[in-house]
Amino acid sequence: QVQLVESGGGLVQAGGSLTLSCAASRSILNINVMGWYRQAPGKQRELVAIITDGGRANYADSVKGRFTISRDNAKNSLYLQMNSLKPEDTAVYYCNARNWPGYYSGGLVPGLDYWGQGTQVTVSS
């Protein structure tokens, strides 16, 4: 399995930037998909961005052009660079790791989501 620890959250004014980090307890080289999700008060957790082990990234429409996801396999870390932050970006941000069903080489239970504890991002006007 893998343990995930997020960091980098904080309070920022609208238009500002933050970079979130996710440190994994083991190699992420063969983890198929890693991503960032967020959950605002009273709302369901939603996908922000994901990136595959091949470096392909997808973003929620609400963050396209503003956020950039990246992974550094040598550092066992996942990052989310957030620019032009808006108050609607306020949420707890969670790191996620998941292998596709039937894929065992990454060391994770296939199809099972692994989550960090989250880091709070608050954007004020």
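Counting of residues starts from 1 at the beginning of each chain's written sequence and follows it residue by residue. Thresholds applied to this predicted model are a pLDDT of at least 70 for local features of residues and 80 or more for the giving and counting of side-chain atom pairs; totals over whole chains, interfaces and linings are not thresholded and use all residues. To get the side-chain values, take all heavy atoms of the structure and skip hydrogens and water.

Focus on the pattern of salt bridges
Note the threshold: Whenever a carboxyl oxygen of Asp or Glu lies within 4 Å of a side-chain nitrogen of Lys or Arg, that contact is scored as a salt bridge. Exposure is judged per residue with a 1.4 Å probe applied to protein chains only, and the accessible area is read against the type maximum: over 50% gives exposed, under 20% gives buried, and values in between give partly exposed. Put simply, DSSP H or I for four residues or longer makes a helix, DSSP E for two residues or longer makes a strand, and each gets a number counted from the N terminus.
Per the counting criterion, the structure on display carries 5 salt bridges. R38 is the salt-bridge partner of E46, the closest N and O atoms lying 2.8 Å from each other. In this structure R38 comes out as buried when scored by relative accessible area, which is 5%. Its salt-bridge partner being R66, residue D89 comes within 2.8 Å of it at the nearest N-O pair. Remark: R66 occurs in the loop between β6 (57-59) and β7 (67-72) and D89 occurs in the loop between β8 (77-82) and β9 (91-98); sequence separation between them is 23 residues. Of the two residues, D89 and R66, neither departs from the other in class, the shared state being buried. One network of salt bridges, in which partners are shared, links R38, E46, R66 and D89.

Side note on the nonpolar core
Rules: Side-chain atoms within 4.5 Å are what join buried Ala, Val, Leu, Ile, Met, Phe, Trp, Tyr and Cys residues into a set we call a nonpolar core. In what follows, a contact means two residues having at least one pair of non-hydrogen atoms within 4.5 Å.
Grouped together as the largest cluster of nonpolar side chains are 30 residues, with contacts concentrated most on L4, W36, L80, M82 and Y93. Looking at this core, the elements that each hand over two or more residues are β3 (18-24), β4 (33-39), β5 (46-52), β7, β8, β9 and β11 (119-124). In contact with L4, other than residues within four places in its own chain, are C22, A23, A24, M34, C95, N96, A97, Y114, W115, G116 and Q117.

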